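So the chains spell out like this:
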Amino acid sequence: KNKVYAWSALAISSAMFVMSGIQFLWVRVFVEVWDLDKNAVTLIFLLVTGIGGGIGIAVGPRRIDRLGGFGNAAGVVRSLQELRSFSVIAVFGGVVGIACLYGKLRGKDSGYLRAW
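Residues numbered from 1 in each chain as written. Predicted model: local features only at pLDDT ≥ 70, side-chain atom pairs only at ≥ 80, totals over all residues. Heavy atoms only, no water.

Caption draft 1: Molecular detail of the overall build of the chain. For the chain, the count of helices and strands is 3 helices and 0 strands. Tracing the chain from N to C terminus, the helices and strands come up as α-α-α. Once the C-alpha set of the chain is aligned to its principal axes, its extents read approximately 55 × 30 × 25 Å. Each of the 116 residues in the chain was classed as buried or not, and the buried ones make up 11%. In the chain, the proportion of contacts linking residues at least 24 apart, taken out of those at least 6 apart, comes to 27%. Surface exposure of the chain reaches about 9,300 Å², of which carbon and sulfur atoms provide 70%. Side-chain charges of the chain comprise 13 positive and 6 negative groups, with the mean position of each set lying 11 Å from the other. (Helix = DSSP H or I, 4+ residues; strand = E, 2+ residues; numbered from the N terminus. Buried < 20%, exposed > 50% of the residue type's maximum accessible area, 1.4 Å probe, protein only. Contact = heavy atoms within 4.5 Å. Areas by Shrake-Rupley, 256 points an atom, 1.4 Å probe, with all protein chains shown as cover. Lys, Arg positive; Asp, Glu negative; His and termini not counted. Charge placed at Lys NZ, Arg CZ, Asp CG, Glu CD.)

Quick look at the structure:
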């Protein structure tokens, strides 16, 4: 009955699924490609996700409430537009990260990337 709740729950579930995959890839890439210590990589991952999550929990609800929240249609529209803006920024950051990883992998390439 409440579409905003259902879509929000789906988005949170999807984010947690993606975060699990990122955790695996983060450790693997930084240990194998950058030759960093696995313990340091794991600690950095925990710090980044912990600090980012803490900031999101501390700032997010206040920001959404300031935009009108989910109590009326106008507030829902403004809040979802703000969330979409954050998603676009995240996608841009992801594309930059992929480009950096590709550049690093090309530098270490032993013929695998040329096969593509």
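Caption draft 2: Broad picture of the packing of helix α1 (residues 3–32) against helix α2 (residues 38–67). Contact pair α1 / α2: the axes reach a minimum separation of 9 Å and the direction vectors enclose 145°. As for the relative orientation of α1 and α2, their crossing is right-handed in sense. Mapping the contact onto sequence places M19, I22, Q23, W26, V27, F30 and V31 in α1 and K38, V41, T42, I44, F45, V48 and T49 in α2. Grouping the amino acids of the contact of α1 with α2 by side-chain chemistry returns 10 nonpolar, 3 polar and 1 charged. (Axes fitted to C-alpha atoms, helices over the stretch in contact; angles between N-to-C directions. Left-handed = near helix turned anticlockwise from the far one by under 90°. Nonpolar A, V, L, I, M, F, W, Y, C, P; charged D, E, K, R; others polar.)

Caption draft 3: Seen up close, α2. Here α2 spans 42 Å end to end across 30 residues, near enough to the 44 Å set by a 1.5 Å rise per residue. Buried residues of α2: V41, F45, I64 and L67, and no others. As for α2, its buried residues are in contact with α1 and α3 (73–108). (Expected span 1.5 Å × (residues − 1).)

Caption draft 4: Summary view of the pattern of salt bridges. This model, assessed by the stated rule, comprises 2 salt bridges. In this structure, R28 engages E32 in a salt bridge whose closest nitrogen and oxygen atoms are separated by 3.7 Å. Placement of both R28 and E32 in helix α1 is noted, with a separation of 4 residues, approximately one turn of the helix. When its relative accessible area of 47% is taken as the criterion, E32 is described as partly exposed. Residue E82 is joined to R63 by a salt bridge in which the shortest nitrogen-to-oxygen separation is 3.1 Å. Here E82 is found in helix α3, whereas its partner R63 is found in helix α2, with 19 residues between them in sequence. Under the relative-accessibility criterion, E82 is labelled buried at 17%. (Salt bridge = Lys/Arg side-chain N within 4 Å of Asp/Glu carboxyl O.)

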